[in-house]
Amino acid sequence: MTTATVDTALVERLIAAQFPDWAGLPVREVDSAGTDNAMFRLGDDYAVRLPKADWAAGQAEKEQRWLPRLAPHLTLPVPVPVGQGAPGEGYGQSWSVLAWLDGDDAYSAPITDLPHAAVELGRFVRSLRAVDATGGPASSRGGPVADWEEGSMATALRELGADGTLDAEAAGEAWESVLRLPAWQGAPVWLHGDLLPVNLLARDGRLHAVIDFGCLGAGDPAADLTPAWTLFTPDTRPLFREAAEVDDATWARGRGWALCWGIVTEHYYRGKNPVLADIAHRAWTQALPEYSN
């Protein structure tokens, strides 16, 4: 259990106790809309990532084991662990020290060169998918989208429809078509699972790196296509799809993920996390019109 308050004072104590060579380096909290982990910058070269929710338990161990193996095969920089922290100082989970990656998240500093980003992120998705996933953990978003939403779509449709946020009839019909899609028949492949703008780093208006591998795992690659609707535009979406090299069925499931994740997440986070609610709103408003085309 995570009991201690996750703040700069805790990070300073943990570093001093477990990594004395880095004791005394300045610790600064990194502002983030993430719900699973807190991020701190340690000096100029490192990042400290601590789970702040009990459901994020095990993410640090997963990062430590798999990111060093995946990184050499990927087409974009990703965080590489340089130290694994243990529970201590009243804090009850494992945690990570990673090499710092420069850049601003693509929500706070929007990417201006979207064609370049579409191609580069598509290549990244393809490169991740191509790595042998034997022995990899199952992704929480690697199964059918209906397994992820666990019935919450019905409530979200009803309540967002009642307040006029969406057309519940049109969205419901689209959702029914998603539920009729054939399931993934291939072997499990690696997917990031959370390729939102807040987990993409930009420099000078261009996509630079991919961060936050808490949802990393193996399964159906469809969930990694959601950037087509959370980030890209109708004219850059095809560039992303071409670079990702996915078939029609996988693309359709990816659009279903964007629709479902967007509606359920906006419903849950509106009033709680405006950044995630805004990204979610864009996801479903970009995806839904494609069901009437």
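Notes on the structure follow. What you see is a predicted model; the values in this text were computed from it and never measured. (Residues numbered from 1 in each chain as written. Predicted model: local features only at pLDDT ≥ 70, side-chain atom pairs only at ≥ 80, totals over all residues. Heavy atoms only, no water.)

Overview of the sheet that holds strand β5 (residues 95-99)
Where we set the bar: Only when DSSP finds a minimum of two bridges between them are two strands counted as paired. The helix count covers DSSP runs of H or I at least four residues long, the strand count covers runs of E at least two residues long, and both are numbered beginning at the N terminus. Only the stretch in contact is used when fitting a helix axis, every axis being a line fitted to C-alpha atoms; angles between N-to-C directions are given from 0 to 180 degrees.
Ordered by their spatial adjacency, five strands build an open sheet running β1-β2-β3-β5-β4, and the pairing between neighbours is antiparallel. With one partner strand each, in any of the chains shown, β1 (27-30) and β4 (81-85) form the two edges of the open sheet. Going from strand to strand, the sheet's axes swing by 25° on average, the running direction of each strand aside. With four bridges connecting them, strand β3 (residues 46-51) and β5 associate as antiparallel partners. Each residue of the ladder has a partner; that of Val 48, found in β5, is Val 97.

Some words on the pattern of salt bridges
A side chain of one charge can pair with a side chain of the opposite charge if their charged atoms are brought near each other. Here is the rule we go by: By definition here, a salt bridge exists when the distance from a side-chain nitrogen of Lys or Arg to a carboxyl oxygen of Asp or Glu is within 4 Å. Remark: exposure states derive from per-residue accessible area (1.4 Å probe, protein chains only) relative to the maximum for the residue type, with buried under 20%, exposed over 50%, and partly exposed in between.
This structure, assessed with the given rule, holds 14 salt bridges. Here Asp 212 ties to Arg 49 by a salt bridge, and the two come within 2.7 Å at their closest N and O atoms. A residue pair is termed long-range when its members are at least 10 positions apart, and Asp 212 in the loop between β9 (206-210) and β10 (217-219) and Arg 49 in strand β3 qualify at 163 residues. A residue is classified by how much of its surface remains accessible, and Arg 49, at 7% relative accessible area, is buried. Asp 248 is paired through a salt bridge with Arg 241; the nearest N and O atoms lie 2.4 Å apart. Classification of Asp 248 as exposed rests on a relative accessible area of 60%. Its relative accessible area of 24% is what places Arg 241 among the partly exposed residues. Three or more residues are tied together by salt bridges with common partners; here these are Arg 49, Glu 63 and Asp 212.

Things to note about the environment of Asn 273
Considering the arrangement of structural elements, one finds Asn 273 in the loop between α9 (248-269) and α10 (274-287). Separated by 238 residues in the primary sequence, Asn 273 and Thr 35 place their C-alpha atoms 8.9 Å from one another.

A word on the packing of helix α5 (residues 152-162) against helix α6 (residues 168-179)
Note the cut-off: Angle categories are assigned with fixed cut-offs, so that under 35 degrees is roughly parallel, over 145 is roughly antiparallel, 65 to 115 is roughly perpendicular, and the rest are oblique. By definition, any crossing whose near helix is turned counterclockwise from its far helix by less than a right angle is left-handed, and any crossing with a clockwise turn is right-handed. It only takes one pair of heavy atoms within 4.5 Å for two residues to be counted as in contact.
Taken N-terminus to C-terminus, the directions of α5 and α6 make an angle of 160°; their axes are 9 Å apart at the nearest point. Comparing their axes, α6 and α5 come out roughly antiparallel. Classified by chirality, the crossing of α6 by α5 is right-handed. Note on element contacts: α6 touches α5 through Ala 168, Ala 171, Gly 172 and Trp 175, opposite Met 153, Leu 157 and Gly 161.

That's the geometry; what it means functionally is another story.
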